[in-house]
Amino acid sequence: MIQTISVEESRQLDDKTINQIGIPSMVLMERAGLKIYDDMRNNSDLDLNKVLILAGTGNNGGDGLVVARLLCTHGYDVSILTVGNPDHASEDHVSQQKICDYYQIPKTFMNADFNKYTTLVDALFGSGLSRNVGGDFATVIDKANASTAKIHAIDIPSGLNGDTGEVMGTAIKADSTSTIAYVKAGMVKPTAQPYVGKLFIDDIGIYKGNTFDNE
Ligand SMILES: NC(=O)C1=CN([C@@H]2O[C@H](COP(=O)(O)OP(=O)(O)OC[C@H]3O[C@@H](n4cnc5c(N)ncnc54)[C@H](O)[C@@H]3O)[C@@H](O)[C@H]2O)[C@@H](O)CC1
Ligand SMILES: [K+]
């Protein structure tokens, strides 16, 4: 049976790993990106000929930007669509965007034709989703779902409630999902299956208690 955790537990585990154990958040993000990149390359259902990263401005988007850079440095055709206000981006997201800028990874905008792409990477929201999805985020999610491209989601398909598996307004219908550290409880509910697709579980160095743990 798959071990699951709540979204709050996943946030607490991230926080403990970074602030108590001392593994820098950029290290965890790099490990997440490497695993997600591997999952995508090992998933024969995905065609990585032309990839678009749909990036929110939090750390889920930051994971997506690591994937963008890894695809770019390995010779894939990849572009980024940033959704949300970059002025409110998380610190790690800003660092990852600077790296993407160094590599001059092309950016696209809200009017992009998603049918031009073979794979979309959903990095809009992960464990930070806190309310129903609307505005540009909902527009992008609906456009992604309606497109001919396959969708690979990072951590949790955006718009899916990680605890209950309910759709919060609208949600990405992913063909596959790379979830970080542990599966979130809502993702294994039968109603969540059409949104999660094929599931990869990525060990990035975040653990829920072990023999080395003092607590
Ligand atoms: N350093 C870390 O803590 C790690 C984080 N990781 C990734 O980071 C994710 C969590 O990142 P964040 O905490 O930055 O949050 P997210 O990137 O999930 O969300 C970003 C922000 O979106 C806003 N938001 C929430 N609901 C919204 C809505 N309906 N409409 C518009 N805006 C909304 C919130 O203000 C939230 O802070 C994880 O799911 C995982 O993908 C991984 O890289 C592992 C390590
Ligand atoms: K996501």
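Criteria and thresholds
Residues numbered from 1 in each chain as written. Chains lettered and ligands numbered in written order. Predicted model: local features only at pLDDT ≥ 70, side-chain atom pairs only at ≥ 80, totals over all residues. Heavy atoms only, no water. Near = heavy atom within 4 Å. Polar contact = N/O pair within 3.5 Å; in protein donor to acceptor, adjacent residues only side chain to side chain. Areas by Shrake-Rupley, 256 points an atom, 1.4 Å probe, with all protein chains shown as cover. Helix = DSSP H or I, 4+ residues; strand = E, 2+ residues; numbered from the N terminus. Donors = N, O, S within 2.8 Å, 3.2 Å for Na, K, Ca; no water. Tetrahedral: all angles 85-135°; square planar, octahedral: opposite > 155°, others 65-115°. Buried < 20%, exposed > 50% of the residue type's maximum accessible area, 1.4 Å probe, protein only.

Lining the immediate environment of ligand 1, one finds 21 residues, of which Asn 59, Asp 63, Gly 126, Gly 128 and Asp 155 sit closest. Measuring from an oxygen atom of ligand 1, one finds a side-chain N or O atom of Asp 63 at 2.5 Å. Between ligand 1 and the protein, one listed contact pairs a nitrogen atom with a backbone N or O atom of Ser 130 at 3.1 Å. The fraction of the free accessible surface of ligand 1 (870 Å²) that becomes covered by protein chains is 81%. At the level of elements, helix H1 (7-21), helix H2 (25-42) and helix H3 (59-73) are the ones that each hand at least two residues to the shell around ligand 1.

Here we come to the coordination of the potassium ion (ligand 2). For the potassium ion (ligand 2), every protein donor is listed as Asn 60 (OD1), Asp 122 (O), Phe 125 (O), Ile 154 (O), Ile 156 (O) and Ser 158 (OG), and the spread of their distances is 2.7 to 3.1 Å. Classification of the site at the potassium ion (ligand 2) as irregular follows from its 6 donor atoms and the range of 67 to 170 degrees in their angles at the metal. The sequence pattern describing where the donors of the potassium ion (ligand 2) fall on their chain is N-x61-D-x2-F-x28-I-x1-I-x1-S. Placement of Phe 125 in the loop between strand S4 (119-123) and helix H5 (135-146) and of Ile 154 in strand S5 (residues 150-154) is noted, with a sequence separation of 29 residues between them. A residue is classified by how much of its surface remains accessible, and Ile 154, at 0% relative accessible area, is buried.

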